[in-house]
Amino acid sequence: MDKPKVFDQQGQEHDWDWLVANFGAVNLERVEATTGKVFRIIKLQDAEGPAVQMVNVADQDNKPMEGVGVVRWWPDAPKLPGWGPEVSQWRKRGVFGPTNAGGDIGFGMGHGDYYFPPAGGASGVWVADVKGLSDFISGLGMLGGTNHRRVDIFYQLVDLDAQAGTGTGTETGTGTETGTGTGTGTGTETGTGTGTGTEPWATLFEKLDRIIALLETKSG
């Protein structure tokens, strides 16, 4: 599966190698789901400023989603409550809260969140909500010796069934074309075959009529 888009503070897009070179061992884990709705990480944004890990969640139309639960994990965080299988629980510890009207949630960070590449940070985030399972990203934190430089995370709710439907639709469309082609071909072949088949029989009967006529002439 494609990696999320990566942007620097000037808005220039980069590849995953650039992310690793600048932020160390960032690790992305995609949720293993083939149906239903999932929260996909679609964008990683290089950011600097307040010591806050920002996460944004948008719907299928890229509109902010309010009230969506998001978890920030680190190894000695408080234990999380148990959730049902419809909610992602990548780790057993973390703190969590709902997104605001802008689809954002910010988690405060401290001195323990500083790190130096090529190592990764000690925290990670995921969406924990009944609306869909979620990707998980870890290795997050703040780069040492910077003004809280970090990676902000952007999620989008994706309907896998709609994607499959679109894909199937395309395939179906192709299949329809193929089917139509086959049908038309078969129909044409059948029609042509029938027409072509009719012509030899008519010729054969005509020859038989001529032979009979010759035989009758000789007999006469």
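Use the structure listed above.
Because the structure is predicted, anything quoted here is derived from the model rather than measured. (Residues numbered from 1 in each chain as written. Predicted model: local features only at pLDDT ≥ 70, side-chain atom pairs only at ≥ 80, totals over all residues. Heavy atoms only, no water.)

Peer 1: I'd love a proper account of the nonpolar core, names of residues and values included.
Peer 2: Ranked by internal contacts, the top residues of the largest apolar core, which has 34 residues, are Leu-44, Ile-137, Ile-153 and Tyr-155. Counting residues per element, the ones that place at least two in this core are helix H1 (16-23), strand E4 (37-47), strand E5 (52-58), strand E6 (69-73), strand E8 (104-108), strand E10 (123-127), strand E12 (136-140) and strand E14 (150-159). Residues within four places of Leu-44 in sequence aside, it is in contact with Pro-4, Lys-5, Val-6, Phe-7, Trp-16, Leu-19, Ile-137, Val-151, Asp-152 and Ile-153. (Core = buried A, V, L, I, M, F, W, Y, C linked by side-chain atoms within 4.5 Å. Buried < 20%, exposed > 50% of the residue type's maximum accessible area, 1.4 Å probe, protein only. Helix = DSSP H or I, 4+ residues; strand = E, 2+ residues; numbered from the N terminus. Contact = heavy atoms within 4.5 Å.)

Peer 1: So what's going on with the pattern of salt bridges? Residues and values would help.
Peer 2: One pass over the structure, following the stated rule, counts 7 salt bridges. Note that Asp-135 is salt-bridged to Arg-30, the shortest N-O span being 2.4 Å. With Asp-135 in the loop between strand E11 (133-134) and E12 and Arg-30 in the loop between strand E3 (27-29) and E4, the pair connects residues that are 105 residues apart, well separated along the chain. Note that Asp-129 is salt-bridged to Lys-131, the shortest N-O span being 3.4 Å. Residue Asp-129 is classed as buried on the basis of its relative accessible area of 8%. Because the salt bridges share partners, they merge into one network encompassing Arg-30, Arg-40 and Asp-135. (Salt bridge = Lys/Arg side-chain N within 4 Å of Asp/Glu carboxyl O.)

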